[in-house]
Amino acid sequence: MRKKALVITLALVLAFASSAMAAVSFSGKFKIDFARNFDFNDNNNLFDGTYTLTPTLNFSISASSKGESEDRVDWEFSSGVIQDGDKWTFSGYKLGLYDQYFKAWVWGAGAELSDKATQFGWISASKAGGDLRSRVEVPVADVATVTADFEGTTMRLFVDGAVEGYNVGAAYELAKWEDEDNRTNRVVVQADGSIPAGDLDIALKAAVGIDVKKEDSGFAFGVDATVNPTDALSLNVEVKNNDKWAAKGKTDVTAAATYTEAAFQLKGEVSQSFVKDGDNKPGITLTGFYRMSDTLNYGDLFGDKWYTNDAPAFGVKAELPGANFSKLTIDATAPVVADVASVKAKAIYEGKSKYSADVLGRIVATSKLTLNPQVKFTKTEANDTLELKLDASYRIGDTGPSVTFGAETETKTVTDTDVKTKTGKIFASVKVAF
């Protein structure tokens, strides 16, 4: 059934693309990966054994057509085809249809659209397409929007609107509709908005749901309130209860306080789950950030672009479930030489027999060559592992593709026997876009 739907979708796209108003573009990437794994314990060297050379070809097609007014796209389509060895794989297709009265999408094979969910995620349609997904969105007289989402044998309906400055909505989920004995029917109603409370405004979210079953029904409710007494201080409280929904007889309570200044941010969070006949223990999480520059937001200090920060930054996170120590994480980044070299370090401590330390460097040797050395040590009850890695990227020409290459080794010691093993790898790849 899914293959038939996919064939029909592609046929529609080709029919649309034949229109004189359709704009069609092709692009692609060709990549060659070179690798060689070796085991020092077998006395192998770099010139023994077999190297692998793997080519990968990826084609992409996109097409769209604008309406008569030229300010609205009537439809658009994008997809990819990947050649990996002797296999061809269809990937990332998405078709969007945009009428004056509705919008519709069909997507899958790795493509994403957008997440759609109620408060607290009790009914949720993810952005991931899987093999085949479809969604229709219909505005109703500028008052509300109705969205129907279909995933396999699950249908979800969302209604979103606004009343007197408050957002209101409802959702319905019918899952496993083909199985009369095990199908699920869920209904959720929700509202959110800002409520004046003296000199303060309370940002409030609330939702109520029911899980309708033949023998017994489950009930769920949730309330989330956030208030900012000052520009720097934010307080949040959330209460969720699920009766035979996500977890039988479970109530979650979370309270958090965040204090933010230009140079630092502190956050404390206490959570407690109450489960009938369960071992109810509170969870405490304490987080702190310190930065000497506001180049990056606090949430991005140790992310993918950490090396763009132009001053040192530090972070610490302590997790104390049951009011007992569980995990301590420390992060740090700093430029060593401005615009040339930066370093990032991360340490995790979970006890005397379980901890790790990871140091990553980034060196811009020239405008064409970038080096990334890395050292990581991990200790567990079973093993001690030391990993060394160096990868580099070299840009061909002034605006050409980059060649990525490097080497890595891993030394592992069995704690009880002191037996060591050592393996390694050299690798290189080049990717050309067209």
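Higher on the page you've got the structure.
Residues numbered from 1 in each chain as written. Predicted model: local features only at pLDDT ≥ 70, side-chain atom pairs only at ≥ 80, totals over all residues. Heavy atoms only, no water.

Trainee: Sorry, what's going on with the overall build of the protein here?
Mentor: Within the protein, the secondary structure is distributed over one helix and 26 strands. For the protein, long-range pairs separated by at least 24 residues make up 37% of all intrachain contacts whose partners lie at least 6 apart in sequence. (Helix = DSSP H or I, 4+ residues; strand = E, 2+ residues; numbered from the N terminus. Contact = heavy atoms within 4.5 Å.)

Trainee: Looking at this structure, I do not really get the pairing of strand E17 (residues 264-275). What am I missing?
Mentor: For a regular strand, the rule is simple: side chains alternate between the two faces of the sheet. Judged from the 11 bridges that link them, strand E16 (residues 250-260) and E17 form a sheet pairing that is antiparallel. When the sheet's bridge partners are listed, Lys250 is paired in E17 with Val275. (Pairing = 2+ DSSP bridges.)

Trainee: Just to check I follow, could you spell out the nonpolar core for this structure?
Mentor: Taken as a class, soluble globular proteins show a tendency for nonpolar side chains to be buried jointly. In this structure, Phe120, Trp122, Ile123, Ala125, Phe158, Ala171, Val188, Ala207 and Ala220 together form the largest nonpolar core, which totals nine residues. Filtering out sequence-adjacent residues up to four positions away, Phe120 remains in contact with Lys205, Ala206, Ala207, Gly222, Val223, Asp224, Glu238 and Lys240. Counting residues in hydrophobic clusters, the runner-up holds six residues, among them Phe289, Tyr298, Leu301 and Phe302. (Core = buried A, V, L, I, M, F, W, Y, C linked by side-chain atoms within 4.5 Å. Buried < 20%, exposed > 50% of the residue type's maximum accessible area, 1.4 Å probe, protein only.)

Trainee: Would you take a moment to explain the packing of aromatic side chains for this structure?
Mentor: Geometry of an aromatic ring pair is reported as the spacing of the ring centres plus the angle between the planes. The tally for this structure, following the rule as stated, stands at 11 aromatic pairs. With a centroid separation of 5.3 Å and 15° between ring planes, the pair formed by Phe34 and Tyr51 is classed as stacked. Taken together, the residues span a long stretch of sequence, with Phe34 in strand E1 (residues 22-39) and Tyr51 in the loop between E1 and strand E2 (52-66) at a distance of 17 residues. Both rings, one in Trp306 and one in Tyr307, keep their centres 5.8 Å apart while their planes meet at 85°; by these two values the pair is edge-to-face. Note on Trp306: relative accessible area 6%, which makes it buried. The exposure class of Tyr307 is partly exposed, given its relative accessible area of 24%. Here the aromatic residues Phe289, Tyr298 and Phe302 are joined through ring pairs into a cluster of three or more. Positioned above the aromatic ring of Tyr51 is the side chain of Arg36, whose terminal nitrogen or guanidinium carbon lies 5.8 Å from the ring centre. Geometry around Tyr307 places Arg362 over its ring, the cationic atom sitting 3.8 Å from the centre. (Phe/Tyr/Trp six-rings, centres within 6.5 Å; stacked < 30°, edge-to-face > 60°. Lys NZ or Arg CZ within 6 Å of the ring centre and 35° of its normal.)

Trainee: Could you clarify how one ought to interpret the pattern of salt bridges in this entry?
Mentor: Opposite charge on two side chains permits them to pair, given that their charged atoms come into close proximity. Scanning the entire structure with this criterion turns up 12 salt bridges. The residue Glu151 makes a salt bridge to Arg156 at a minimum N-O spacing of 3.0 Å. The class of Arg156 is buried, set by a relative accessible area of 9%. Shared partners join several salt bridges into a network, and the residues in it are Arg133, Arg135, Asp149, Glu151, Arg156 and Glu173. (Salt bridge = Lys/Arg side-chain N within 4 Å of Asp/Glu carboxyl O.)

Trainee: How do you make sense of empty space enclosed by the protein when you look at a structure like this?
Mentor: Over the atoms rolls a probe the size of a water molecule, and its path tells where empty space is left. Taken as a whole and assessed by the stated rule, the structure comprises one cavity of 30 Å³ or more. What the largest cavity holds in volume is close to 40 Å³. Lining the largest cavity are Lys116, Ala117, Thr118, Phe158, Val159, Asp160, Gly169, Ala170, Ala171 and Gln190. Elements represented by at least two residues in the lining of the largest cavity include exactly strand E6 (116-117), strand E10 (154-163) and strand E11 (166-175). In the lining of the largest cavity, the residues fall into five nonpolar, three polar and two charged. (1 Å grid on protein atoms, 1.4 Å probe; cavity = no way out; pocket = protein on both sides within 12 Å on 5 of 7 lines; lining within 4 Å. Points joined across faces, edges and corners; volume = space filled by probe spheres on them. Nonpolar A, V, L, I, M, F, W, Y, C, P; charged D, E, K, R; others polar.)

Trainee: I would appreciate a short explanation of the environment of Asp179 in the present structure.
Mentor: Its place among the elements puts Asp179 in the loop between E11 and strand E12 (184-197). Asp179 sits 26 residues away from Thr153 along the chain, and the two C-alpha atoms are 9.3 Å apart.

Trainee: Before we go on, may I ask you to explain the pairing of E10 in this structure?
Mentor: In this sheet, E10 lies alongside strand E9 (residues 144-151) in antiparallel orientation, the contact comprising eight bridges. In the strand pairing of E10, Val146 is matched with Val159. Between the antiparallel neighbours E9 and E10 lie two residues, among them Gly152 with a positive phi of about 60°. When E10 meets E11, the two strands line up antiparallel, connected through nine bridges. Residue pairing for E11: Phe158 is matched across the bridge by Ala171.

Trainee: Can you help me understand the environment of Asp252 in this one?
Mentor: Note that Asp252 resides in strand E16. With a relative accessible area of 15%, Asp252 lands in the buried category. Not counting residues up to four positions away in its chain, the partners in contact with Asp252 are Glu238, Val239, Lys240, Gln272 and Ser273. A distance of 2.6 Å separates polar atoms of two side chains, one belonging to Asp252 and the other to Ser273. (Polar contact = N/O pair within 3.5 Å; in protein donor to acceptor, adjacent residues only side chain to side chain.)

Trainee: Even after reading the chapter, I still don't get a nonpolar patch on the surface, so can you show me in this structure?
Mentor: A cluster of nonpolar side chains, contributed by Val187, Val189, Val208, Ile210, Val212, Phe219, Phe221 and Val223, occupies part of the molecular surface with about 570 Å² of accessible area. Those elements that place two or more of their residues in the nonpolar patch are E12, strand E13 (200-212) and strand E14 (218-227). As for its position among the elements, Val223 is in strand E14. Assessed through its relative accessible area of 35%, Val223 is described here as partly exposed. (Patch = residues over 30% accessible without salt bridge, like charges linked within 9 Å, V, L, I, M, F, W, Y side chains within 5 Å. Areas by Shrake-Rupley, 256 points an atom, 1.4 Å probe, with all protein chains shown as cover.)

Trainee: Please clarify how the side chain of Thr254 should be interpreted in this entry.
Mentor: On the secondary structure map, Thr254 appears in strand E16. For Thr254, the contacting residues outside a window of four places in its chain are Asn236, Val237, Glu238, Glu269, Val270 and Ser271.

Trainee: Quick question: what am I supposed to make of the side chain of Ser293 here?
Mentor: Considering the arrangement of structural elements, one finds Ser293 in the loop between strand E18 (282-291) and strand E19 (313-321). A polar atom in the side chain of Ser293 sits 2.7 Å from the side chain of Thr295. For Ser293, the side chain forms a polar contact with the side chain of Asp310, separated by 2.6 Å. Aside from chain neighbours lying at most four places away, what touches Ser293 is Asn309, Asp310 and Ala311.

Trainee: Looking at this structure, I do not really get the environment of Lys250. What am I missing?
Mentor: Tracing the backbone through its elements, the reader meets Lys250 in strand E16. Overall, Lys250 belongs to the partly exposed group, its relative accessible area being 26%. In this structure the C-alpha to C-alpha distance between Lys250 and Ala220, which are 30 residues apart in sequence, comes to 9.6 Å. Discounting chain neighbours no more than four positions away, the residues touching Lys250 are Lys240, Asn241, Asn242, Ser273, Phe274 and Val275.

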